[in-house]
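# A look at the structure
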Amino acid sequence: MGVAQAMEALTERASLMKESLHKSQTITDNMVGILGSFDHRLSALETAMRPTQVVEFEIYLLLKLKCDSGFGDKMIRTHSIRRAHENIDKALKAAEVILDQFDISRKAEAKILRGPHEDLESYLEAIDQLRGTIKFFSNNKMFKSASGVISHAHGLLSKALSKLEDEFRQILQNYSKPMEPDRLFECLPSNLRPSSEGEGGGGKTHDPHHKSLENAIFTVPTVIPPRVLPLLHDLAQQMVQAGHQQQLFKSYRDTRAAVLEQSLRKLGVERLSKDDVQRMQWEVLEAKIGNWIHYMRISVKLLFAAEKKICDQILDGVESLRDQCFGEVTVNSVAVLLSFGEAIAKSKRSPEKLFVLLDMYEIMRELQPEIELLFGSKPCAEMKESALNLTKRLAQTAQETFADFEEAVEKDATKTAVMDGTVHPLTSYVINYVKFLFDYQTTLRLLFQEFDSKDPDSELGAVTTRIMHALQNNLDEPEKPKHNPELELHFSQILQCLTVQSSGSGPIENSNISRASVKDRFKTFNSQFEELHQRQCQWTVPDSELRESLRLAVAEVLLPAFRSFLKRFGPMIESGKNPQKYIRFSPEDLERMLNEFFEGKTWSEPKR
């Protein structure tokens, strides 16, 4: 019985031992699996800790030499443990940074694979994150997988930038539409908007009171919505940063240049050669010149200014590419506009073209400040030079037309004498021509200055005098009494009284002329004008149109000259004694007395 019990107890204990061994094996297997999962982490940790182990070993040796007691050994062990903990913390932090980079790269890849259409801002952010990943692993190539990560990121970045180029082109094209003429006309000052009767604002364009445009407001149109411009700018910056300047340049140029040219075609701009111009009837050509003047003003002040504005905003920060893009966008449009002006300037000269040449010259001078501002960069230098050359060529052609007209008047073959008291056709034509010239006084002064004229006012007087002399020389003997040479002589002498010049090249200042000299000038003017008035009041000009034209021609030259002289030197006389003795006439007196010319009346003393 005792043996049986002992055997039973032994069997039970063997069973318990077997179960315990089985549990122990299971725990061991689990630990092996857990330790295996940390194998790759420990490898990275070993790499990170390797430099610090050398330092620890050196510190250990140093402390070993200095410590003779067991206390020193304890300090060494304590220090080593502490440093090991620190190194482990550093390694874990480094591992965390690496894991963060992997996480950022994974999220950026997901955004890029979705494309830029859903969320462009997130797409651009993902590209920046990819660049950051590439930079990080390029600076930490000790990691075994760094080269693979960099290669994958570069491939992804290349795809992202390709999609970015497509997105830039697509957005720019979607929001780039040609401007309708009505929208452009709304941006003009009200006095320059075309009437419903005229085509594109054509017809006669010259305004003798052109100064009204000096303070006129031109509103630069919005060609791309402002909310889109920041997106286009960000896309352009990404392309430039990736070295894709040429792709950006081509996309921008092709899109905006085509739209600008379409806007001009809608407006009515067409390319015409010199031969096309030469074949046109004068009435048709005159209308086209009027339209061209209108088109030039709209193009420079509105369309080109708008292109410059969006180009500066989209390509802000990339000066060289910005100026190049603007130049390439506008070059064809500028060439089409200037080619018409060149064709007119080079076409066969004729007297009737003089005034449209002056109109064209006037608009080029008006636009010159804007042209120099818009096309002032190096890539645009050729366009600016072409515009300035056209201005000079128009001035040259206008001056040559003056000479042609003078010669044509002198050699006119119309010799039929008019015996019934009516005006000779040539006389009427020349007088009207001269009258129109005085509508262009401001423009003519600018034109004469193109050729270094030191006194544009006297140049205009000389041109007018030569034309009138040519007319007088042309007329037959019976017609000569109608031309009143005394008027020319006295008128010239009176104007000399009102012109004070120094021995140098220009007018002298008030401080350089004595009061006595000014008094003499006023006295001479008084006596000569009274004599002229007395004689010309006795003359009779039967034709009312010619009579008014003659009066107007005299008034338009004499009155401004007198007002200027009176304003400049009158105070010197008025501050002295008996000013009324010298200043006998006011501008209003002169105007009233000029209106009595050619009426066949007796001269009377003006009432004061």
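Here is a short report on the structure shown in this document. All figures in this text were calculated on a predicted structure; none of them were measured in a lab.

Rules of the game
- Counting from 1, residues in each chain are numbered in the order their sequence is written.
- Only residues with pLDDT of at least 70 are given local features in this predicted model, and only at 80 or more are side-chain atom pairs given and counted; all residues enter the totals for whole chains, interfaces and linings.
- As a rule here, side-chain values come from all non-hydrogen atoms in the structure, and water together with hydrogens is ignored.
- Only buried residues count toward a nonpolar core, which is a set of Ala, Val, Leu, Ile, Met, Phe, Trp, Tyr and Cys residues joined through side-chain atoms within 4.5 Å.
- Here's how the labels work: a residue is buried when its accessible area is under 20% of the maximum for its type, exposed when over 50%, partly exposed in between, all with a 1.4 Å probe on protein chains only.
- A run of H or I in DSSP counts as a helix once it spans at least four residues, and a run of E counts as a strand once it spans at least two, with each numbered from the N terminus.
- Should any heavy atoms of two residues lie within 4.5 Å, those residues are counted as being in contact.
- Ring geometry is summarised as follows: Phe, Tyr and Trp rings, the Trp one being its six-membered ring, pair when their centres sit within 6.5 Å, and such pairs are stacked at plane angles under 30 degrees, edge-to-face over 60 and tilted between the two.
- Note on geometry: a ring has a charge over it if NZ (lysine) or CZ (arginine) is within 6 Å of the ring centre and within 35 degrees of the ring normal.
- Whenever a helix is involved, its axis is fitted only over the stretch in contact; in every case the axis is a line through C-alpha atoms, and angles between N-to-C directions fall within 0 to 180 degrees.
- In this scheme, roughly parallel covers angles under 35 degrees and roughly antiparallel covers those over 145, while 65 to 115 is roughly perpendicular and the rest are oblique.
- Crossing handedness is defined as follows: a turn of the near helix away from the far one that is anticlockwise and smaller than a right angle gives a left-handed crossing, while the clockwise case is right-handed.
- Amino acid classes used here: Ala, Val, Leu, Ile, Met, Phe, Trp, Tyr, Cys and Pro are nonpolar; Asp, Glu, Lys and Arg are charged; the rest, including Gly, are polar.
- An expected span of 1.5 Å times one less than the residue number is assigned to each helix.
- For a residue, the bend is simply the angle between two axes, fitted respectively to the seven-residue segment ending there and the seven-residue segment starting there.
- Should a side-chain nitrogen of Lys or Arg be within 4 Å of a carboxyl oxygen of Asp or Glu, the pair is scored as a salt bridge.

Ranked by internal contacts, the top residues of the largest apolar core, which has 132 residues, are F168, W292, I314, M364 and F525. The element that contributes the greatest number of residues to this core is helix α10 (residues 282-314), accounting for 15 residues. Leave out the neighbours within four places in its chain, and F525 touches I494, C497, L498, L558, F562, F585 and L590.

This brings us to the packing of aromatic side chains. A full pass over the atoms with the stated rule returns 15 aromatic pairs. Each ring, one from F522 and one from F565, has its centre 5.1 Å from the other, and the planes form 65 degrees; the classification is edge-to-face. A residue pair is termed long-range when its members are at least 10 positions apart, and F522 in helix α18 (residues 515-538) and F565 in helix α19 (residues 544-574) qualify at 43 residues. Accessibility classification places F522 together with F565 in one group, the buried group. Seen from their ring centres, F525 and F562 are 5.0 Å apart, and the 25 degrees between their planes marks the pair as stacked. With F525 in helix α18 and F562 in helix α19, the pair connects residues that are 37 residues apart, well separated along the chain. You'll find F525 and F562 in the same group, each marked buried. An aromatic cluster is built from F355, F405, Y429, Y433, F436 and Y440, whose rings are joined through pairwise contacts. A cation sits over an aromatic face here: K301 above F218, 4.7 Å from the ring centre.

We now examine the packing of α18 against helix α20 (residues 587-594). Remark: α18 packs on α20, axes separated minimally by 11 Å, with the N-to-C direction vectors making an angle of 20 degrees. Classified by the interaxial angle, the pair formed by α18 and α20 is roughly parallel. Once α18 is placed against α20, the crossing between them reads as left-handed. Mapping the contact onto sequence places F525, F529 and H533 in α18 and L590, M593 and L594 in α20. Split by residue class, the contact of α18 with α20 holds 5 nonpolar, 1 polar and no charged.

It is worth spelling out helix α11 (residues 319-346) at this point. The end-to-end C-alpha distance of α11 is 37 Å, a good match for the 40 Å that 28 residues give at a rise of 1.5 Å each. The largest bend in α11 is about 40 degrees, located at V331.

Right, let's get into the pattern of salt bridges. Overall, the coordinates contain 22 salt bridges when judged by the stated rule. Here K250 and D254 are joined by a salt bridge, their closest N and O atoms 3.0 Å apart. Highlighted residues: K250 and D254, both in helix α8 (residues 245-267), separated by 4 residues, approximately one helical turn. By relative accessible area, which is 47% here, K250 ends up partly exposed. For D254, the salt bridge identified is with R253, shortest N-O distance 3.0 Å. Through salt bridges with shared partners, one network takes in K308, D312, R322 and D323.

If you trace the backbone, T222 turns up in the loop between α6 (181-186) and α7 (229-241). Expressed as a C-alpha distance, the spacing of T222 and M179, which sit 43 residues apart in the sequence, is 9.5 Å. Setting aside its immediate chain neighbours within four residues, T222 contacts M179 and R183.

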